[in-house]
Amino acid sequence: MSLTCCTPIQAARPPLPVQSLGALRSSFADLSSFKVHKAQASRRRVVARRASTAVHASEALNLVKNVALFFTPGALLTAYAWFVLGKGNLADGLSRLLTVLSQGYLNPNTGGENIPVTEGELSDLAGDQPLFVNLFNFFIECGGVYKLAFGPKCFIVVSDPVVFRHILRENAFNYDKGVLAEILEPIMGKGLIPADLETWKPRRRAIQPAFHMAYINSMVQMFNDCAMKTSTKLERLTADPSKTAVVDMEKEFYNLALDIIGVGVFNYDFDSVNSESPIIDAVYGLLKECEHRSTFYLPYWNLPLANVVVPRQRKFSADIKFVNDELDVLINKARANRTVDDIEALQNRNYDEVSDPSLLRFLLDMRGEDATNLQLRDDLMTMLIAGHETTAAVLTWALFGFAMHPEIQEAVVSEIDEILGDRKPTYDDLAALENTRLLCAESLRLYPQPPVLIRRALEDDVLPGGLNGDPNGYPIDKGTDLFLSVWNLHRSPYLWDNAEEFDLGRFKRPNTNEDFNGAWAGYDPEKMGQLYPNEYTSDFAYVPFGGGPRKCIGDQFAFLEATSALAVLLRRYHFELATTPEEVGRAFGASIHTENGLKMKITRREGTQPAGFSGGVSTAAAAPGCPAAAA
Ligand code: HEM
């Protein structure tokens, strides 16, 4: 790799462990065509240039295909972009021009004159790797806080736990979701994730109590029943012992997670594990569009007529209308059966007897909560999207990590056999499955979803310098856009031993780095009172669910869901990778989920019960929408 460090601050940084370097070399081998120039200017600057003109040409072609379609005086503007705006290739010129036109400003001032700068063109980043993977390289080169000045926009990239803590918790209300809110607003409206602070505060206060203990317990029963539905499907697929069943488990996890979130949020059974339907198509269309918008460089969908002329935007308009109409029907139906009560009374209901335990029901029944249909729809849509792909990704990567490590398989499966057998797990059982939980936790460390959190400063602020940064901190201006790279944080060689390694025991060991001079408290497993290691146990070095007031509201829901699904499936089946690990790894690099799926050879484990639970632990009725598990 030709990237080198040059500044005094970087030279003072501890050398990378050999293992990390090896892994970095292989992970980022294709970045070796980057060339770094060292500049001794007062402002440190790293200029990266991509050498391959072939890549430039194909990127340019793709971008032109995407934008020229609707950009009416295309030829004129292309020429303007390329020749008048100057440097880079055609794609770079178009990127600058379109962003200027659609967002109305050029190179906003981000303050932070003393922040190391990584500067280049859009095409420098648009290689085979997604943006967040490239950002790791620049982190190693420039430090825990640096400016990314590629194309027309400038972001500050954060990879340091002390700075994460400042932005997410200590000065959290100085930041909103910025670019992310702009991207998600057409889909989630004013739902919790994109909401401005004024909208967010009362909605968070209203929704938080809905995730109470009785609800979570009732959800655990539903998770088990839905996971059993997947197990029953695998039983069918493995029925013929003369044939090896190869199943795309990523797809199965996406279906399972969709069924679960539908029931948990609005008591709607998509039944996507077993069937296909227009509503499932439309929801998947929206999820794909969310991914597309959050990873595409140019917000072309904001341009006039984009939703008429661009086929994928036409499909998006149709999908969102379809899903919104369905949600309206569900909300109106639930509204018609409203039985209003105080929060405490609602939380103390006997959930074994409640036919509709969903969040929607709780929000409608809560006294004093008179959210409009529009606000409820935004909240439901947000949770549908926030709770689906994220959980499916954890399951996919946990199974990948499991399949890759025989010693992990042994530790996880023997624990499930011992604690559960074929019994239906309760909350306490899932809490006792330490190895299965740590399997999920380690997957979330190496493959965090989302890999980057986005913020915009509402007022001027001073960011802490972090490890080896400026001891006086970094002043930033109001309006500054920030990428908080969870990916970098979770793989940081300054925070984790053998950071690139999938290690089930990692979160059982304490960990610290004295170079922080006490500014970072390190990781302490003794603090782990909850189901999973989090921002408190790691002092903001491990934040798969974010941290501070805007932390994920569904963290327990998701963690229990993933643990339950793995417990049910790993007990009953052997899973063996049907493709090479490199293929899976490469696919991950190309997308936020695996591109070719996670193909697994599946065989039944003898002596287990694949199509039902045994042993009478749970007395809970089967969750609505999911089949009653055999007792
Ligand atoms: C493994 C699964 C999940 C992961 C990794 C995850 C991750 C996250 C992260 C990192 C955030 C913070 C975003 C930020 O600070 O910008 C967040 C927020 C959020 N998540 Fe999750 N999430 C998961 C599952 C869920 C589920 C199941 C639900 C709902 C049932 C949910 C609902 C939300 C909501 C509503 C927010 C916004 C919270 C707020 O701003 O107040 N998430 N999630």
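Residues numbered from 1 in each chain as written. Predicted model: local features only at pLDDT ≥ 70, side-chain atom pairs only at ≥ 80, totals over all residues. Heavy atoms only, no water.

Caption draft 1: Broad picture of the overall build of the protein. What the protein contains, in helices and strands, is 25 helices and 13 strands. For the protein, long-range pairs separated by at least 24 residues make up 75% of all intrachain contacts whose partners lie at least 6 apart in sequence. Accessible area for the protein stands at about 25,000 Å²; split by element, carbon and sulfur atoms hold 54% of it. (Helix = DSSP H or I, 4+ residues; strand = E, 2+ residues; numbered from the N terminus. Contact = heavy atoms within 4.5 Å. Areas by Shrake-Rupley, 256 points an atom, 1.4 Å probe, with all protein chains shown as cover.)

Caption draft 2: Quick peek at the site of the ligand. Looking at the ligand, there are 27 residues lining it, with Trp200, Arg204, Gln449, Arg455 and Cys552 nearest. Trp200 places a polar side-chain atom, nitrogen or oxygen, 2.6 Å from an oxygen atom of the ligand. Counting only elements with at least two residues in the shell around the ligand, the list comes to α10 (197-207), α19 (389-404), β8 (452-457) and α24 (555-572). The element that contributes the greatest number of residues to the shell around the ligand is α19, accounting for 3 residues. A class-by-class count of the residues in the shell around the ligand yields 16 nonpolar, 6 polar and 5 charged. (Near = heavy atom within 4 Å. Polar contact = N/O pair within 3.5 Å; in protein donor to acceptor, adjacent residues only side chain to side chain. Nonpolar A, V, L, I, M, F, W, Y, C, P; charged D, E, K, R; others polar.)

Caption draft 3: Broad picture of the pattern of salt bridges. Counting across every chain of the model gives 32 salt bridges. In this structure, Lys229 engages Asp269 in a salt bridge whose closest nitrogen and oxygen atoms are separated by 3.9 Å. Residue Lys229 is found in helix α11 (residues 213-237), and its partner Asp269 is found in the loop between α12 (249-266) and α13 (278-295); the two are separated by 40 residues along the sequence. With a shortest N-O distance of 3.6 Å, Asp422 and Arg572 are connected by a salt bridge. Placement of the pair is Asp422 in the loop between α20 (406-419) and α21 (427-432) and Arg572 in helix α24, with a sequence separation of 150 residues. Each member of the pair, Asp422 as well as Arg572, is classed as buried. Overlapping salt bridges, with partners in common, bring together Asp417, Asp422, Arg571, Arg572 and Arg605 in one network. (Salt bridge = Lys/Arg side-chain N within 4 Å of Asp/Glu carboxyl O. Buried < 20%, exposed > 50% of the residue type's maximum accessible area, 1.4 Å probe, protein only.)

Caption draft 4: Looking closely at the coordination of the iron atom of the ligand. Exactly one protein atom donates to the iron atom of the ligand; that atom is Cys552 (SG), 2.3 Å from the metal. Structurally, the position occupied by Cys552 is in the loop between α23 (486-490) and α24. (Donors = N, O, S within 2.8 Å, 3.2 Å for Na, K, Ca; no water.)

Caption draft 5: Seen up close, unusual backbone geometry. Along the chain, Gln449 connects to Pro450 via a cis peptide bond; the corresponding omega equals 10°. Within the secondary structure, Pro450 is located in the loop between α22 (434-446) and β8. Phi angles above zero are rare outside glycine, and Asn267 is one such case at about 55°. If you trace the backbone, Asn267 turns up in the loop between α12 and α13. Here the phi dihedral of Asp271 falls at roughly 50°; this positive angle occurs in a residue that is not glycine. Here Asp271 lies in the loop between α12 and α13.

Caption draft 6: Main features of the pairing of strand β11 (residues 481-485). Counting buried positions along β11 gives 5 out of 5 residues, so the element sits mostly inside the fold. Residues Asp481, Phe483 and Ser485 line one face of β11 and the alternating positions Leu482 and Leu484 line the opposite face, and both faces are buried. The pairing of strand β5 (residues 155-158) with β11 spans 4 bridges and is classified as parallel. Bridge pairing in β11 places Val157 opposite Phe483. With 5 bridges joining them, β8 and β11 adopt antiparallel strand pairing. (Pairing = 2+ DSSP bridges.)

Caption draft 7: The arrangement of the nonpolar core in detail. Counting residues in hydrophobic clusters, the biggest one holds 167 residues, and the most contacted among them are Met249, Leu439, Leu463 and Phe575. The contacts of Phe575, once residues within four sequence positions are left out, are Leu234, Met249, Leu399, Ala403, Leu569, Leu570, Met600, Lys601 and Ile602. (Core = buried A, V, L, I, M, F, W, Y, C linked by side-chain atoms within 4.5 Å.)

Caption draft 8: Expanded view of the confidence of the model for the protein. Summing up the model confidence of the protein, the mean pLDDT is 80 and the portion of residues at 70 or higher is 75%. Per-element confidence in the protein ranges from a low mean pLDDT of 25 for strand β1 (residues 35-39) to a high of 98 for helix α8 (residues 161-170). Note on residues 617-625: pLDDT under 50 across the span, and 20 contacts to partners over four residues away in sequence or across chains. Interface confidence for the predicted complex, given as ipTM, is 0.99, next to a pTM of 0.83. (pLDDT = per-residue confidence, 0-100.)

Caption draft 9: Structural detail: helix α18 (residues 373-386). For α18, with 14 residues, the first-to-last C-alpha span of 20 Å sits near the 20 Å given by 1.5 Å per residue. Summarising burial for α18: 11 of the 14 residues are buried, a large majority. Restricting attention to buried positions, one finds in α18 the residues Gln375, Leu376, Arg377, Asp378, Asp379, Leu380, Met381, Thr382, Met383, Leu384 and Ile385. (Expected span 1.5 Å × (residues − 1).)

Caption draft 10: Examining the environment of Ile261 more closely. Secondary-structure assignment places Ile261 in helix α12. Residue Ile261 is classed as buried on the basis of its relative accessible area, which comes to 5%. Residues Ile261 and Leu380, spaced 119 residues apart in sequence, show a C-alpha to C-alpha distance of 10.0 Å. In this structure, Ile261 is in contact with Phe266, Met383, Leu384, Gly387, His388 and Phe557, ignoring residues within four places of it in sequence.

Caption draft 11: Layout of the UniProt feature "binding site: heme" (unreviewed entry) in the protein. Per the UniProt annotation, the sites labelled "binding site: heme" (unreviewed entry) are Cys552. The residues touching Cys552, leaving out its near neighbours within four places in the chain, are Arg204 and Phe545. (UniProt positions renumbered as here; feature names shortened; annotations may be inferred.)

Caption draft 12: Structural view of the packing of helix α15 (residues 311-336) against α18. Contact pair α15 / α18: the axes reach a minimum separation of 10 Å and the direction vectors enclose 115°. Crossing of α15 against α18: the hand is right-handed. Contact residues: α15 offers Ile320, Val323, Asn324, Leu327, Asp328, Ile331, Asn332 and Arg335, while α18 offers Asn373, Leu376, Arg377, Leu380 and Met381. (Axes fitted to C-alpha atoms, helices over the stretch in contact; angles between N-to-C directions. Left-handed = near helix turned anticlockwise from the far one by under 90°.)

Caption draft 13: Structural view of the sheet that holds strand β12 (residues 573-577). Judged by pairing direction, the sheet is antiparallel, and its 3 strands sit side by side in the order β7-β13-β12 without closing on themselves. Here the strands that pair on one side only, and so sit at the sheet edges, are β7 (245-248) and β12. The mean inter-strand angle of the sheet, taken between neighbouring strand axes irrespective of direction, is 40°. Sheet topology places β7 next to strand β13 (residues 599-604); 4 bridges connect them, and they run antiparallel. Paired with Val246 across the bridge in β13 is Lys601. Contacts from α12 reach β7, β12 and β13, with the element oriented near 55° to β7.

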